[in-house]
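Okay, here's what each chain looks like letter by letter:
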Amino acid sequence: MCGTGGGESSGHPPPEERPDDGRAAFPTLLEDSAEDLYEHAPCGFLSTLLDGTIAKINTTLLHWLGYARGDLVGRRTFSDLLTVGGRLYHETHFGPLLRMQGEISGIALELQAADGSRLPVLVTSTVKSGSDGQPLLIRTTVFDARDRRAYETELLRARQQAESEREELKRLNATLQQTLLPPTLVSVPGLDVAAHYHIASPDKVGGDFYDLFPLAAGTWGLFLGDVCGKGAAAAAVTSLARYTLRAAAVYNPDPTAVLSNLNTVLSHEYNGDDPRFCTVIFGLLTPDTAHGGFRVTLAGGGHPPALLLRGDGGVDHLDTPGGQLIGVLPDAHIATTTVHLEAGDTLLLHTDGLTEAHTAANSEDDRYGDEALLDFAQALAPTTATGAVAAIRELLDTFGTGVDDDTAVLAISVPRA
């Protein structure tokens, strides 16, 4: 049973046994004089007459500058403590603004110490007026900005280094990007050829690629594709895809066999936790000696359809329906289509960076789209490969930053006689 009597039942030690929590020192701290707080404040205090003559200065500021009180009070002005540049700024900006506004704050200046060294400071000044409203003196608070200056200097150095590294990265990315594209397109007798690569971001290597190259006598191969992702990993896949396509086409130029070879290579190389795949169109060009023009067989692996701009002004999508992404499945289905290019016809291949571009600033939903591109092509036809690529370049420029993915364009056309 709990008792209620006796001195031990309260549960609290007597006052003389309670631990000292520091409260006993409060009265002593509160007895500090206002003068002592002024003299040893963590910032400098300065009072001057209207002409700038120093009337009062605290010990903190004297210590920073290395002066004795008698060296300054009644003998020097505030501007005398400034560097040459600071005096000029004081006379042309600081002083006039202070007289006009009655207060000015956070101004960065440099004081010159007795030993000639410079002290970066932040200054706030206020004009104090008498009861009649007439200005009597100027009170100035000075904050030591040495740590801030060192921080700003280090920040500037770090920013400059980061900019330098970013420029170097841009140069490396541009160099790497160039190695993934043919330096020039081969000249095909009887064809006009043109290509363009639009870089969405100089900071990342894109995964788009294209090429046009000779095979056996009288035949040429062409391809255009887009690797999933960006950066070094995408660049590695791009390089592998580009050289695999060329090698496979030399071994067996049949478009279906070429893409099947690429699919086997990608499936084998990237079948782990970080699978990589791409969309590709591969084409085989053969001159049609009997009827003129060229016979083109296209194989598609999940890529947007090519556009055929006819010499009579008509425009069609060359669909390869059912073609699956290259590198995802070990036995991906490859779809093909064949078309005859006559005089005045233009074949245009592109990656989806064009159709997925944003047409309005800060819009996530307003994409350009396949139908808009089809309408654009209908307005162009009939045209040439050079004219079509030039028009696409101008179109991409109108999107500005709305093009957030690299875009590759490859066009071939049969000139009119």
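Draft legend 1. A look at the pattern of salt bridges. For the structure shown, the criterion picks out 8 salt bridges. Of the charged contacts, one joins Asp80 and Arg76 as a salt bridge, the two residues approaching to 3.9 Å between their closest N and O atoms. Among the residues examined, Arg76 registers a relative accessible area of 27% and is labelled partly exposed. Residues Asp345 and Arg310 are paired through a salt bridge, measuring 2.9 Å at the closest nitrogen-oxygen approach. Placement of the pair is Asp345 in the loop between strand E13 (335-341) and strand E14 (346-350) and Arg310 in the loop between strand E11 (306-309) and strand E12 (315-318), with a sequence separation of 35 residues. Judged by relative accessible area, Asp345 falls into the buried class, the value being 3%. Bridged by salt links that share partners, the residues Asp211, Arg242 and Arg246 form one connected network.

Draft legend 2. Inspection of the sheet that holds strand E4 (residues 118-129) at higher detail. If you walk across this open sheet you meet the 5 strands as E2-E1-E5-E4-E3, and the pairing is antiparallel. Of all strands in the sheet, those with a lone pairing partner are strand E2 (54-57) and strand E3 (103-112), marking the two edges. Each strand axis lies, on average, 25° off the axis of its neighbour in the sheet, ignoring direction. Bridge analysis of strand E1 (residues 44-49) against E2 gives 3 bridges, and the strand direction is antiparallel. Across the sheet, Leu46 pairs through a bridge with Ile57, a residue of E2.

Draft legend 3. Representation of helix H11 (residues 385-399). Taking 1.5 Å of rise per residue, the 15 residues of H11 would be expected to cover 21 Å, and the 22 Å separating its terminal C-alpha atoms lies within 8% of that figure. Among all positions of H11, only Ala385, Ala388, Val389, Ala391, Ile392, Leu395, Leu396 and Phe399 are buried. Across the axial projection of H11, the buried residues extend over an arc of 160°, all falling on one side. Opposite the buried face of H11, at more than 90 degrees from it, the exposed residues are Glu394, Asp397 and Thr398. Buried residues along H11 sit against strand E6 (192-198), E14, helix H9 (352-355), helix H10 (370-380) and strand E15 (407-413). Gly400, located one to two residues past H11, shows a positive phi value of around 60°.

Draft legend 4. Broad picture of the side chain of Ser267. By the element assignment, Ser267 lies in helix H8 (residues 255-269). Judged by relative accessible area, which is 16%, Ser267 ranks as buried. Separated by 3.5 Å, the side chain of Ser267 and the backbone oxygen of Leu329 make a polar contact. Excluding residues that lie within four positions of it along the chain, Ser267 makes contacts with Gly327, Val328, Leu329 and Pro330.

Draft legend 5. Just the packing of aromatic side chains, in detail. Considering all chains together, one arrives at 5 aromatic pairs under this definition. Ring geometry for Tyr38 against Phe45: centres 5.3 Å apart, planes inclined by 10°, an arrangement best described as stacked. Residue class for Tyr38 comes out buried when judged on its relative accessible area of 17%. Cluster of aromatic residues (ring-pair linked, three or more members): Phe209, Phe213 and Phe223. A cation sits over an aromatic face here: Lys56 above Tyr38, 4.5 Å from the ring centre. The side chain of Arg242 reaches across the aromatic face of Tyr243, ending 5.3 Å from its centre.

Draft legend 6. Local environment of the pairing of strand E8 (residues 220-227). Of all 8 residues in E8, 8 are buried, a share of seventy percent or more. Burial along E8 is two-sided: Trp220, Leu222, Leu224 and Asp226 and Gly221, Phe223, Gly225 and Val227, pointing in opposite directions, are all buried. Pairing geometry for strand E7 (residues 208-214) and E8, over 7 bridges, is antiparallel. Across the sheet, the residue bridging to Asp211 is Phe223, located in E8. Bridge analysis of E8 against strand E9 (residues 278-287) gives 8 bridges, and the strand direction is antiparallel. Along E9, the bridge assignment pairs Leu222 with Gly283.

Draft legend 7. Up close: the layout of surface pockets. What the largest pocket holds in volume is close to 280 Å³. Lining the largest pocket are 18 residues, and of these Leu50, His90, Leu98, Arg99 and Ile138 sit closest to its centre. Among the elements of the structure, E1, helix H5 (84-101), E4 and strand E5 (135-144) are those that each provide at least two residues to the lining of the largest pocket. Looking at the lining of the largest pocket element by element, the count peaks at 5 residues for H5. Across the lining of the largest pocket, the residue classes break down as 8 nonpolar, 8 polar and 2 charged.

Draft legend 8. Geometry of the sheet that holds E15. The strand order across the open sheet formed by 5 strands is E6-E15-E14-E11-E12, and the pairing between neighbours is antiparallel. Of all the strands in the sheet, the pair left with one neighbour each is E6 and E12. Each adjacent strand pair in this sheet contributes to an overall mean axis angle of 15°, direction not counted. Two strands pair when backbone bridges link them, and E6 and E15 are joined in this way by 7 bridges, in the antiparallel orientation. Along E15, the bridge assignment pairs His198 with Thr407. Sheet contacts for H11: E6, E14 and E15; angle to E6, the most-contacted strand, approximately 15°.

What counts, and at which threshold
- All chains use their own residue numbering, which begins from 1 and follows the written sequence.
- Local features in this predicted model are restricted to residues of pLDDT 70 or higher, and side-chain atom pairs are both shown and tallied only at a pLDDT of 80 or more, whereas totals for entire chains, interfaces and linings draw on every residue.
- Values reported for side chains reflect all heavy atoms of the structure, with hydrogen atoms and water molecules removed beforehand.
- By definition, a salt bridge exists where a carboxyl oxygen of Asp or Glu is found within 4 Å of a side-chain nitrogen of Lys or Arg.
- A 1.4 Å probe rolled over the protein chains alone gives each residue an accessible area, and that area as a share of the maximum for its type sets the label: buried under 20%, exposed over 50%, partly exposed in between.
- Working definition: helices are DSSP H or I runs of at least four residues, strands are E runs of at least two. Numbering for both runs from the N terminus.
- Two strands pair if DSSP finds at least two bridges between them.
- To obtain each axis, a line is fitted to C-alpha atoms, and for helices this fit is confined to the stretch in contact; angles are then taken between N-to-C directions over 0 to 180 degrees.
- An expected span of 1.5 Å times one less than the residue number is assigned to each helix.
- Note: the arc covers the axis-to-C-beta directions of the helix.
- Contacts: residue pairs with any heavy atoms within 4.5 Å of one another.
- Polar contacts, as used here, are pairs of N or O atoms within 3.5 Å; protein pairs need one atom able to donate a hydrogen and one able to accept it. Residues neighboring in sequence count only if both atoms are side-chain atoms.
- Ring pairs are drawn from Phe, Tyr and Trp, using the six-membered ring of Trp, whenever the two centres fall within 6.5 Å, and their geometry is named by plane angle: stacked under 30 degrees, edge-to-face over 60, tilted for the rest.
- By definition here, charges over rings are those cases where NZ of Lys or CZ of Arg is within 6 Å of the ring centre and within 35 degrees of the ring normal.
- Here a cavity means grid points, on a 1 Å grid over the protein atoms only, where a 1.4 Å probe fits yet cannot get out; a pocket means an open set of points with protein on both sides within 12 Å along at least five of seven lines; lining residues are those with an atom within 4 Å of a point.
- Grid points are joined across faces, edges and corners, and a volume is the space filled by probe spheres set on the points.
- The residue classification treats Ala, Val, Leu, Ile, Met, Phe, Trp, Tyr, Cys and Pro as nonpolar and Asp, Glu, Lys and Arg as charged. All others, Gly included, are polar.

Shape descriptors only; they carry no functional weight alone.
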